[in-house]
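Analysis of the macromolecular model
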Amino acid sequence: MNERKTIYLDEGLEFIQKGITKLKNILEGLPEPKFSSEDYMMLYTTIYNMCTQKPPHDYSQQLYNKYRESFEEYITSMVLPSLREKHDEFMLRELVKRWANHKVMVKWLSCIFHYLDRYFIARKSLPTLNEVGLTCFRDLVYQELNGKVRDAVISLIDQEREGEQIDRALLKNVLDIFIEIGMGQMDYYENDFEAAMLKDTAAYYSRKASNWILEDSCPDYMLKAEECLKREKDRVSHYLHSSSEPKLLEKVQHELLSVYANQLLEKEHSGCHALLRDDKVEDLSRMFRLFSKIPRGLDPVSSIFKQHVTAEGTALVKQAEDAASKKKADKKDIVGLQEQVFVRGVIELHDKYLAYVNDCFQNHTLFHKALKEAFEVFCNKGVAGSSSAELLATFCDNILKKGGSEKLSDEAIEETLEKVVKLLAYISGGQFTSKMEGMVRKVTDWTSARKIQTSFEEYLSNNPNADPGIDLTVTVSKTDIWPRYKSFDLNLPAEMVKCVEVFGKFYQTKTKHRKLTWIYSLGTCNLIGKFEPKTLELIVTTCQASALLLFNSSDRLSYSEIMTQLNLTDDDVIRLLHSLSCAKYRILNKEPNTKSISPTDYFEFNSKFTDNKSRIKIPLPPVDEKKKAIEDPVDEKKKVIEDVDKDRRYAIDASIVRIMKSRKVLGHQQLVMECVEQLGRMFKPDFKAIKKRIEDLITRDYLERDKDNPNLFRYLA
């Protein structure tokens, strides 16, 4: 093989310079033929040979220096002069162009000088060719111009904030330079651009906010704030780095919301109070979205919400008090009317603001807490001499017995009772404890009965053979929850016997351990009465229906025959027949035609009976006990109050014993105060009541007085 000819330094550098000059001319747009593969191979081979020649002709270091000097010379002679003569947006465009050209130059020269990277640079642990190329631009161009570039970019951002159109792609390309210059680190972007941009952002929105807070209503201000935040996020997505988003939004939120939070929320005619008062749901939702973004921003909003709900609830209490005081002179069933109005009002209030919490305030725990505390304030106030707990209990009793004054459907009753149960969470524990517990158990039992009926209906649809023949609704209740009702073995008509049998078989599929007892006195029945003038629908009790159905097979029946066939007592038969033959609706004709029932009477179906209505309800006359209850509605209230006093005595006793067990020895005044503090959340104990309980505990050997100081007590273990 022929020995390779030595390439001397000057000769080699001259040839390489020609290739570099050609590349520069191409980048500058001067007429120059493109690089061919032969051109590239000649340059690469020359550098390879100069690096692999034996010393002293190994010119690796000199070539490494030449690589760096090529960039420095080009930047100094061509790039910097072109940038220095331009300003603002024109300078930015030139910078983007020069940075793009510089990266092309780095790419080409890195390929031509690649052999240095492979061996010389790796062996000497020097910066790579790519690093050297980028560093040259950073040290010579970026360090001189980054301040001007930053100011120009921020100026364009502010112009865009004022509504002007700007070249977003240009800004994206410029800011990419700040990132790429860092070569994997964000220091240059963060320190040389982002910090100043954030400072300018704060100043910009500080100026805006100071004007808006004076000029705009709270809703208008919030609309502007929300729009600003949206635009800043949009700005990040188009040209800022994603890491800037939380910092940028924090600045905007601070200046627009944190600084003016109190002024904004407390604006007299449009602040949070006004929005709640005027039911501005959309504005309240926006307020939550905005103030949830700033530290502890929701605290004042939830506080105002609590104040507002408390005020509305307290107004309901006052309204109920005023209505009761105006009607006191009438001596009517004021409590019955008042409980309906007040409890309905509280339920509607709770529905309304629970919807606010769930929707406007996105189910946030802070607002659930505010709602709870607000309702606790007025739900524990007295109304017309009755506590809210008593009113709730009576309201539920009324709903369960009669469907309330609104005559609610079963579904509406269930829904209403569920809402009342939610209100129970706000009632202090010491208020009418036994009454409230009983009410809750009744509500639960009612719900259970509805589920059993639904299950029965499914059973009938799935078992065609199990057909009761008529529409049947059964309410299954627990005996220990409701009052004791008289049970008797009524001889049911054949139509009803089948119903009882079908339901009995269904119930056995549900439980084997419970016995059904049918309370016919509480049942109702809808009968179709075919009278000569017209057909009527009769709403009667089960016993009344059983009596009337006897006349389907008999034209005339005696008192004793009816009594025997129905298997009822004299008292029950008399009430039953009186309602059908002597009262307002005379479905039966009686012989003799007197106003009282006698064992010698005979009865016939009154085929001539008619009424203006097509549907009539035939009531039974009340028995003496019920009459008494109607005449004296206060008795139950007195009993409830007595029960409460008893419950409270136990609560006071338990509190005193707990305190003394812990403290062993305590003075009278301190014992009373600690007892009041402990029981405060349940009820407000009377000082005299506490004193009586202390005396009682002394007689029962739980406590003893100190022999020397009668105001000092000791606990007896």
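Residues numbered from 1 in each chain as written. Predicted model: local features only at pLDDT ≥ 70, side-chain atom pairs only at ≥ 80, totals over all residues. Heavy atoms only, no water.

A look at the sheet that holds strand β8 (residues 615–617)
- What the 3 strands build is an open sheet, ordered β3-β4-β8; its pairing is mixed. Whereas interior strands pair on both sides, the edge strands pair on one side only; in this sheet they are β3 (524–530) and β8. Sheet twist, expressed as the average angle between the axes of neighbouring strands with direction ignored, equals 25°.
- Two elements, β3 and strand β4 (residues 535–541), share 7 bridges in a ladder whose sense is antiparallel. Residue G529 lies in a different strand from β4, and its bridge partner there is L536. (Pairing = 2+ DSSP bridges. Helix = DSSP H or I, 4+ residues; strand = E, 2+ residues; numbered from the N terminus. Axes fitted to C-alpha atoms, helices over the stretch in contact; angles between N-to-C directions.)

Some words on the side chain of E194
- By secondary structure assignment, the location of E194 is in helix α8 (residues 187–215).
- With sequence-adjacent residues up to four places away left out, E194 is seen in contact with Y189, S243, S244 and K247. (Contact = heavy atoms within 4.5 Å.)

A few points about the packing of aromatic side chains
- The final tally for this structure, using the stated rule, is 31 aromatic pairs.
- With 5.6 Å between their ring centres and 50° between their planes, Y189 and F193 make a pair best called tilted. You can see Y189 and its partner F193 sitting in helix α8, 4 residues apart, about one turn around the helix.
- Taking the relative accessible area as the measure of exposure, Y189 reaches 0% and is therefore buried.
- Each ring, one from F288 and one from F367, has its centre 5.9 Å from the other, and the planes form 65°; the classification is edge-to-face. With F288 in helix α13 (residues 281–291) and F367 in helix α16 (residues 365–379), this residue pair connects regions lying 79 residues apart in the sequence. The same class applies to F288 and to F367, which are both buried.
- In textbook terms, an aromatic cluster arises when at least three aromatic residues are bridged by ring pairs, as seen for F288, F305, Y353, Y356, F361 and F367.
- Taking the ring centre of F35 as reference, the NZ or CZ of K22 above it sits at 5.1 Å. (Phe/Tyr/Trp six-rings, centres within 6.5 Å; stacked < 30°, edge-to-face > 60°. Buried < 20%, exposed > 50% of the residue type's maximum accessible area, 1.4 Å probe, protein only. Lys NZ or Arg CZ within 6 Å of the ring centre and 35° of its normal.)

Observations concerning the pairing of β4
- Taking burial as the measure, the 7 residues of β4 include 5 buried ones, the bulk of the element.
- Remark: 4 residues form the turn of the hairpin made by β3 and β4, two consecutive strands paired antiparallel.
- Across 3 bridges, the pairing between β4 and β8 is parallel. Counterpart to E537 in the pairing with β8 is R615.

A short note on the pattern of salt bridges
- Applying the stated criterion to the full structure yields 51 salt bridges.
- Residues K172 and D176 are paired through a salt bridge, measuring 3.1 Å at the closest nitrogen-oxygen approach. Taken together, the residues K172 and D176, both in helix α7 (residues 168–181) and 4 residues apart, mark about one turn of the helix.
- Measuring nitrogen to oxygen at the nearest pair gives 2.8 Å for the salt bridge that ties K369 to E373. One end of the pair, K369, and the other, E373, are both in helix α16, 4 residues apart, so they sit about a helical turn from each other.
- Taking relative accessible area as the criterion, E373 reaches 24% and is therefore assigned partly exposed.
- Connected through salt bridges with shared partners, the residues D158, E160, R161, R168, D200, E232, D234 and R235 form a single ionic network. (Salt bridge = Lys/Arg side-chain N within 4 Å of Asp/Glu carboxyl O.)

A few points about the nonpolar core
- Counting residues in hydrophobic clusters, the biggest one holds 68 residues, and the most contacted among them are L256, M287, F291, F305, F342, L371 and F375.
- Considering each element in turn, this core owes the most residues, 10 residues, to helix α15 (residues 334–360).
- Setting aside anything within four residues of it in sequence, one finds F291 in contact with L257, A261, L264, L265, G297, L298 and V301.
- L43, C51, Y59 and L95 belong to the second largest nonpolar core, which has 65 residues in total. (Core = buried A, V, L, I, M, F, W, Y, C linked by side-chain atoms within 4.5 Å.)

Considering the environment of M105
- Position of M105 relative to the elements: it lies in helix α4 (residues 88–112).
- Classification of M105 by relative accessible area gives buried; the value is 0%.
- Spatially, the C-alpha atom of M105 lies 7.4 Å from that of L23, the residues being 82 residues apart in sequence.
- With residues near it in sequence (within four places) discarded, M105 still touches L23, K24, L27, S70, F71 and Y74.

Some words on the confidence of the model for the chain
- The predicted model of the chain has a mean per-residue pLDDT of 86, with 89% of residues at 70 or higher.
- Note that pLDDT drops below 50 for residues 625–634; the model gives that stretch 1 contact with residues more than four away or on any other chain. (pLDDT = per-residue confidence, 0-100.)

What to know about the sheet that holds strand β9 (residues 665–667)
- Taken in spatial order, the 3 strands line up as β9-β11-β10 in an open sheet, and their pairing is antiparallel. Since the sheet does not close on itself, it has two edges, and those belong to β9 and β10 (703–705), each with one partner. Neighbour-to-neighbour, the strand axes of the sheet open up by a mean angle of 30°, direction not taken into account.
- Lying on the sheet, helix α26 (residues 668–679) is in contact with β9 and β11 (712–715); it crosses β9 at an angle near 95°.
- Along the sheet, helix α27 (residues 687–699) makes contact with β10 and β11, crossing β10 at roughly 100°.

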